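# Fold and geometry: a report
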Amino acid sequence: EQEMASVAAAAKLPLERVRRRAAELQEANPMLGHRGCRLAITFPEIYEMQARAIFEAALEAGRRSISGRTPVAELVVPLVATVQEIDIL
């Protein structure tokens, strides 16, 4: 509950909206069914958030770098079964 409140505050969203979204995303067995790139197709905001976090972390790591080396962020699209899934993404 406290974690959801923190997420809601950070995202500037009502707590009830975060609770509702978490309930919508819950699966009985997350190892079956809706995962990988199909999750991104259905819920693009999840991948947008993850990509933003990766790029922001790379920028911050570059700013803090003592060696002066620039970090290189690499992204992998997981669990792609068909060409059409990549086309959608």
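These remarks concern the structure in this document. Given the structure is predicted, the values throughout are model-derived calculations rather than measurements.

Parameters at a glance
Here the residue index of a chain counts from 1 through its sequence in written order. Local features in this predicted model are restricted to residues of pLDDT 70 or higher, and side-chain atom pairs are both shown and tallied only at a pLDDT of 80 or more, whereas totals for entire chains, interfaces and linings draw on every residue. Side-chain descriptors were evaluated using all non-hydrogen atoms of the structure, hydrogens and water having been removed beforehand. Strands are runs of DSSP state E lasting at least 2 residues, helices are runs of H or I lasting at least 4, and numbering of each runs from the N terminus. Only protein chains enter the accessibility calculation, which uses a 1.4 Å probe. A residue is then buried if its area is under 20% of the maximum for its type, exposed if over 50%, and partly exposed in between. Salt bridge, as used here: a side-chain nitrogen of Lys or Arg that lies within 4 Å of a carboxyl oxygen of Asp or Glu.

## Quick word on the side chain of glutamate 85
Mapping glutamate 85 onto the fold places it in helix H5 (residues 83-88). Look at glutamate 85 and you get buried, because its relative accessible area is 7%.

## Comments concerning the pattern of salt bridges
Summed over all chains, the structure comprises six salt bridges. Note that glutamate 24 is salt-bridged to arginine 21, the shortest N-O span being 2.8 Å. A residue pair is termed a helical-turn pair when its members lie 3 or 4 positions apart in one helix, as glutamate 24 and arginine 21 do in helix H2 (residues 15-25) at three residues. Given the relative accessible area of 49%, glutamate 24 is considered partly exposed. Its salt-bridge partner being arginine 64, residue glutamate 60 comes within 2.7 Å of it at the nearest N-O pair. A residue pair is termed a helical-turn pair when its members lie 3 or 4 positions apart in one helix, as glutamate 60 and arginine 64 do in helix H4 (residues 44-64) at four residues.

Function cannot be read off these values alone, since they describe shape.
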